[in-house]
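Observations on chain architecture
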Amino acid sequence: LKLHRKIFMYKKVAFLSMDSLENFYTYDKLLFEPLKTLDWIAEEISWRNETVNWSDFDAVVVRSTWDYQNDLSKFKNVLEKINSVSHLENDIELMKWNMNKNYLFDLEQKGVRIVDTIWEKNFNSSKAHHYFDKLNTDEIIIKPNVSASADNTFRLFKNNITEQLPILEKIFAAREFMVQPFLKNIIDEGEYSLFYFDGKFSHSVLKKPKEKDFRVQEEHGGDIQPFKVSSKMKEIGEMIIKKLSTVPLYGRVDLVRIKQNEFALMELELIEPSLYLNKDERSPARLAKAIDERLSKFAV
């Protein structure tokens, strides 16, 4: 009888995921045990599962939805549906804003240093060679404003971009995209990720691409290692989080060094970032605590 009462008292949280996580690295299950000690039962559920009654959950947390960019309208509809019957994290309006990398432009207007960026509505081959001159570089990165896991991200060289024009025209014919200088420091030094749970710094990692690549994600062979960031980098991360309309349950601030002691924001991930909970043994407990403190008030 006592066991049944205990089970009945558990609060339920769904981690929004995808149909298959094969070939992906995810560490959200490291939260299951620390959440259980706080009387939460967590379950990974695909956002495409149309049989789920989301009102059965006290809360839903968007996590490993790494294919949402392929069906953005449907994904937004699912979030709206969930938000109408359960408590959704992160905040739905914050996530919608974060879906389009134009958010970087917004943050720049608020005083955040970002990597130099040219914003385009669609691709025009006649303008392609001018990007190098405008950014004062021989290498550029072109990527969609809405993307994940470095999908459709191109590293292009001034002396051979002509060869890539047909595929660029096809992919970006009616798609917003951004152009940035290729930062060699991402290869030489790496990209720093700082993680914030409920506005508080948790841990950090240094991400480096594999040899002859520029993508830092594990799925592309990137090397991810724990790293103790400087107080200056923490201050930058905290400043960026404070610029947001609401404090997120989780946020990942990706920084790259652009000068000796200056950093620029590469990405601010508020929808489905890997949180690399495997790189800091205390981080699962920290996030579980943040989930409990933020979401318990919504549990029936």
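Residues numbered from 1 in each chain as written. Predicted model: local features only at pLDDT ≥ 70, side-chain atom pairs only at ≥ 80, totals over all residues. Heavy atoms only, no water.

**Some points on the environment of Gln164**
As for its placement among the helices and strands, Gln164 is situated in the loop between strand 7 (154–157) and helix 8 (165–171). Accessibility expressed as a relative area gives 28% for Gln164, which makes it partly exposed. As for Gln164 and Ser125, which are separated by 39 residues in sequence, their C-alpha atoms are 9.8 Å apart. (Helix = DSSP H or I, 4+ residues; strand = E, 2+ residues; numbered from the N terminus. Buried < 20%, exposed > 50% of the residue type's maximum accessible area, 1.4 Å probe, protein only.)

**Thoughts on the pattern of salt bridges**
According to the stated counting rule, one finds 24 salt bridges in the structure shown. The closest approach of N and O atoms between Asp71 and Arg48, which form a salt bridge, is 3.7 Å. Separated by 23 residues along the polypeptide, Asp71 in the loop between strand 3 (59–62) and helix 3 (72–85) and Arg48 in the loop between strand 2 (40–46) and strand 3 bring together distant segments of the chain. Among the residues examined, Arg48 registers a relative accessible area of 22% and is labelled partly exposed. Between Glu189 and Arg257 there is a salt bridge, with the nearest N and O atoms lying 2.9 Å from each other. Of this pair, Glu189 sits in the loop between helix 9 (185–188) and strand 9 (191–197) while Arg257 sits in strand 12 (residues 250–259); the two residues are 68 residues apart in sequence, bridging distant segments of the chain. A relative accessible area of 16% means that Glu189 is categorised as buried. One salt-bridge network, in which partners are shared between bridges, spans Glu191, Lys207, Arg252, Asp254 and Glu269. (Salt bridge = Lys/Arg side-chain N within 4 Å of Asp/Glu carboxyl O.)

**Overview of the confidence of the model for the protein chain**
In the predicted model, the protein chain carries a mean pLDDT of 90, and 92% of its residues have values of at least 70. Mean pLDDT across the elements of the protein chain bottoms out in helix 1 (residues 2–9) (50) and peaks in strand 3 (98). The low-confidence segment residues 1–7 (pLDDT under 50) makes one contact with residues lying over four places distant or belonging to another chain. (pLDDT = per-residue confidence, 0-100. Contact = heavy atoms within 4.5 Å.)

**Structural notes on helix 3**
Between its first and last C-alpha atoms helix 3 spans 21 Å; for 14 residues at 1.5 Å apiece the expected length is 20 Å, and the two agree. When we look at burial in helix 3, the residues that qualify are Phe75, Val78, Leu79 and Ile82. Across the axial projection of helix 3, the buried residues extend over an arc of 100 degrees, all falling on one side. In helix 3, those exposed residues whose orientation departs by more than 90 degrees from the buried face are Asn77 and Ser84. Where helix 3 is buried, its residues touch strand 1 (11–17), strand 3, strand 4 (87–89) and helix 4 (92–99). (Expected span 1.5 Å × (residues − 1). Arc of directions from axis to C-beta.)

**A word on the pairing of strand 8 (residues 177–181)**
Two faces, one strand: in a regular strand the side chains alternate between the faces of the sheet. Taken across its five residues, strand 8 has five buried, putting it largely inside the fold. In strand 8, alternate side chains face the same way, and those of Phe177, Val179 and Pro181 on one face and Met178 and Gln180 on the other are all buried. Taken together, the three bridges between strand 5 (residues 118–120) and strand 8 define a ladder with antiparallel strand orientation. Counterpart to Trp119 in the pairing with strand 8 is Met178. Pairing geometry for strand 6 (residues 139–144) and strand 8, over five bridges, is antiparallel. What sits directly across from Ile140, in strand 8, is Pro181. (Pairing = 2+ DSSP bridges.)

**Describing the sheet that holds strand 8**
Strand order in the open sheet formed by four strands is 5-8-6-7, with antiparallel pairing between adjacent strands. Looking at strand neighbours, the two that pair on one side only are strand 5 and strand 7, the edges of this open sheet. Strand-to-strand twist across the sheet, computed as the mean angle between neighbouring axes with direction ignored, equals 25 degrees. Of the strand pairs in this sheet, strand 6 and strand 7 are connected by four bridges, and their pairing is antiparallel. From the neighbouring strand, Ile140 faces strand 7, where its bridge partner is Leu156. (Axes fitted to C-alpha atoms, helices over the stretch in contact; angles between N-to-C directions.)

**Some details on the nonpolar core**
Leu16, Leu35, Trp54, Val62, Phe75, Leu79 and Leu287 are the most contacted members of the largest nonpolar core, which has 42 residues in total. At the level of elements, strand 1, strand 2, strand 3, helix 3, helix 4, strand 9 and helix 11 (283–295) are the ones that each hand at least two residues to this core. In terms of residue count, helix 11 provides more of this core than any other element does, five residues in total. Membership of the second largest hydrophobic core comes to 23 residues, among which are Leu194, Val229, Ile241 and Leu268. (Core = buried A, V, L, I, M, F, W, Y, C linked by side-chain atoms within 4.5 Å.)

**Things to note about the sheet that holds strand 9**
If you walk across this open sheet you meet the five strands as 11-10-9-12-13, and the pairing is antiparallel. Edge positions in the sheet fall to strand 11 (223–226) and strand 13 (262–269), since each has one partner strand and no second. Each strand axis lies, on average, 30 degrees off the axis of its neighbour in the sheet, ignoring direction. For strand 9 and strand 12, the ladder comprises six bridges, and the chain directions are antiparallel. By the bridge assignment for strand 12, Ser193 is matched with Asp254. Against the sheet, helix 10 (residues 231–242) touches strand 9, strand 10 (200–208), strand 12 and strand 13, its axis set at about 55 degrees to strand 9.

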